[in-house]
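# Survey of secondary and tertiary structure
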Amino acid sequence: MPGNATRINLMDLDLVRMQEFFVSIGEKPFRAEQLLKWIYHARIRDFAQMTNLSVQLRRRLPELAVIEPPEILREQTSTDGTVKWLMGSGTGNAIETVFIPEIKRGTLCISSQVGCALNCSFCSTGAQGFSRNLSASEIIGQVWQAAESLGHERNGTRRITNVVFMGMGEPLLNFDAVLPALSLLRDDLGFGLAAKRVTVSTAGLVPGIDRLRDSIDVALAVSLHAPVDDLRETLVPLNRKYPIQELMAACSRYAAGKHKRSVTFEYTLIDGVNDQPEQAQKLVKLLRKLPSKLNLIPFNPFPGTQYRCSPQWKIREFQEIVMAGGLIATVRKTRGDDIDAACGQLVGKFQDRTRRSERLGQLNSSLQEHNLVP
Ligand code: SAH
């Protein structure tokens, strides 16, 4: 049997691509629907158990394909019920996925890249740097693994009702892998989530926003964090390339696009940096003409950061000003703090330790090779 390198991972394929695959091996396109149901509804990965495929196809598929999500390397549960998984292939570069249970919904926060290239000054993933893009199977596979681990049933209590691309990475910089994953989240043959329950969060990549609008119907969240360019540049360096005015124009195009979705703006409140009443007023002016919602996020500190979270009273004051100005604004509750699962705290720490011990292991064996240790 050939190795994985020559076999296709069926988790990389959405319906259209899966149909192409079956046609390319001389099978009928409807096999794709059967396969998707086995993978995402029944969560069966073993071809031998796929009883509605012909015996011959069941024997042939293992030679051509695998069904492989990223492996769960570690699972942690917070005192508030938040669950965080470290996933990866075990060969380095782990990613983090977080489940946030609430009374009426369960939100899964997934990663799109290992690390991030955008270097936002208040985000610990940014401080870690960029390693690589995830494949579609590594993206949708996070949802598959989380569902499996939570015992996901269509009506269960720990049900994944929403998926947000707010973990590690900038999803619109990994568009080609994110798109099939979005399509599998939306497709009834996949996870069957409504458009408003799948959110792509971006630091403001203007061409990506337009491409998303033209490609699929999902919700858009934009990480704004400042109402003016000079401040936004210090927080989100990408603002130098796509300043606020251009970003707002792209958001208007998105909201006016064929799916008519209002845009959510994320605004992380950092003490003394972007939480002043004048900044709240400017934000009102900037957003008031756009169909939008504002999500205020208390800054989550991480080791080495110079920023602090705004005090409660300032967060409330900021919210009151923007609401008085006519915006719809909510304050995000910090969840999973005790297991470093909150926004901006995802860095694949466990993997760092693993890599360190791997490196130490390598060092020791090379020292031994050269007879440098007793
Ligand atoms: N790259 C995408 C998605 C990942 S970040 C984006 O920028 O939107 C997901 C959200 O968490 C973003 O709004 C980001 O600005 C916010 N965030 C990052 N670090 C944070 C921190 N330390 N405290 C609070 N929110 C943070």
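My aim in this report is to walk through the structure given alongside it, one point at a time. These numbers come from a predicted model, not from an experiment. (Residues numbered from 1 in each chain as written. Predicted model: local features only at pLDDT ≥ 70, side-chain atom pairs only at ≥ 80, totals over all residues. Heavy atoms only, no water.)

## Considerations on the packing of helix α6 (residues 175-186) against helix α7 (residues 206-215)
Stated precisely, the cut-off is as follows: Here an axis means a line fitted to C-alpha atoms, over the contact stretch when the element is a helix, while the angle between two N-to-C directions is reported on a 0 to 180 degree scale. Strands here mean DSSP runs of E at least two residues long; helices mean DSSP runs of H or I at least four residues long; both are numbered from the N terminus. With respect to orientation, any angle under 35 degrees is reported as roughly parallel, any angle over 145 as roughly antiparallel, any angle of 65 to 115 as roughly perpendicular, and every other angle as oblique. Left-handed describes a crossing whose near helix is turned anticlockwise from the far helix through less than a right angle; right-handed describes the clockwise counterpart. Residue contacts are defined here by distance: any two heavy atoms, one from each residue, within 4.5 Å place the two residues in contact. Lys, Arg, Asp and Glu make up the charged group, whereas Ala, Val, Leu, Ile, Met, Phe, Trp, Tyr, Cys and Pro make up the nonpolar group; the residues left over, Gly among them, are polar.
Here α6 crosses α7 at 30°, and the two axes come no closer than 12 Å. One finds that α6 runs roughly parallel with respect to α7. Judged by the sense of rotation from one axis to the other, the crossing of α6 with α7 is right-handed. Contact residues: α6 offers Phe175, Asp176, Leu179 and Leu182, while α7 offers Gly208, Arg211, Leu212 and Ser215. Of the residues assigned to the contact of α6 with α7, the class counts are four nonpolar, two polar and two charged.

## Topic: the site of the ligand
Under the convention used in this document: Throughout, the term near means that a residue has one or more heavy atoms lying within 4 Å of the molecule or strand in question. Two N or O atoms count as a polar contact when they lie within 3.5 Å, although within protein this holds only if one can serve as hydrogen donor and the other as acceptor, and sequence-adjacent residues are included solely when both atoms are side-chain atoms. We get accessible surface area from the Shrake-Rupley algorithm with a probe of 1.4 Å; when it comes to residues, only the shown protein chains can shield them.
Taken together, 20 residues form the shell around the ligand, and within it Phe122, Ser201, Ser223, His225 and Asn300 come nearest. Within the contact set of the ligand, an oxygen atom lies 2.6 Å away from a side-chain nitrogen or oxygen of Ser201. Within the side chain of Glu266, one N or O atom sits 3.0 Å away from an oxygen atom of the ligand. When the free accessible area of the ligand is taken as 530 Å², the share hidden by the protein chains comes to 95%. Partitioned by chemical class, the residues of the shell around the ligand number nine nonpolar, nine polar and two charged.

## Points about the packing of helix α5 (residues 136-150) against α6
Interaxial distance between α5 and α6 falls to 8 Å at its minimum, and their mutual angle equals 35°. You can see that α5 and α6 cross each other, and the crossing is right-handed. Between α5, through Ala136, Ile139, Ile140 and Val143, and α6, the contact on the second element is made entirely by Ala177, Val178, Pro180, Ala181, Leu184 and Leu185. Looking at the contact of α5 with α6 residue by residue, the classes come out as 10 nonpolar, no polar and no charged.

## A word on the sheet that holds strand β3 (residues 71-77)
What counts is decided by this rule: By the convention used here, strands pair only if DSSP detects at least 2 bridges between them.
Taken together, 10 strands build an open sheet; the order of strands is β3-β4-β5-β6-β9-β10-β11-β12-β13-β14 and the sheet is mixed. Two strands in the sheet have a free side with no partner beyond their single neighbour: β3 and β14 (329-331). Neighbour to neighbour, the strand axes of the sheet diverge by 20° on average, direction disregarded. With three bridges joining them, strand β13 (residues 292-298) and β14 adopt parallel strand pairing. Bridge pairing in β14 places Asn295 opposite Thr330.

## Side note on unusual backbone geometry
Note the cut-off: A simple rule labels every residue: compare its accessible area, found with a 1.4 Å probe on the protein chains alone, to the largest value its type can have, and call it buried under 20%, exposed over 50%, or partly exposed in between.
Look at Asn119: it is not a glycine, yet its phi comes out positive at around 55°. Under the relative-accessibility criterion, Asn119 is labelled partly exposed at 47%. The residue Lys260 is not glycine, and still its phi comes out positive at about 50°. What makes Lys260 exposed here is its relative accessible area of 58%.

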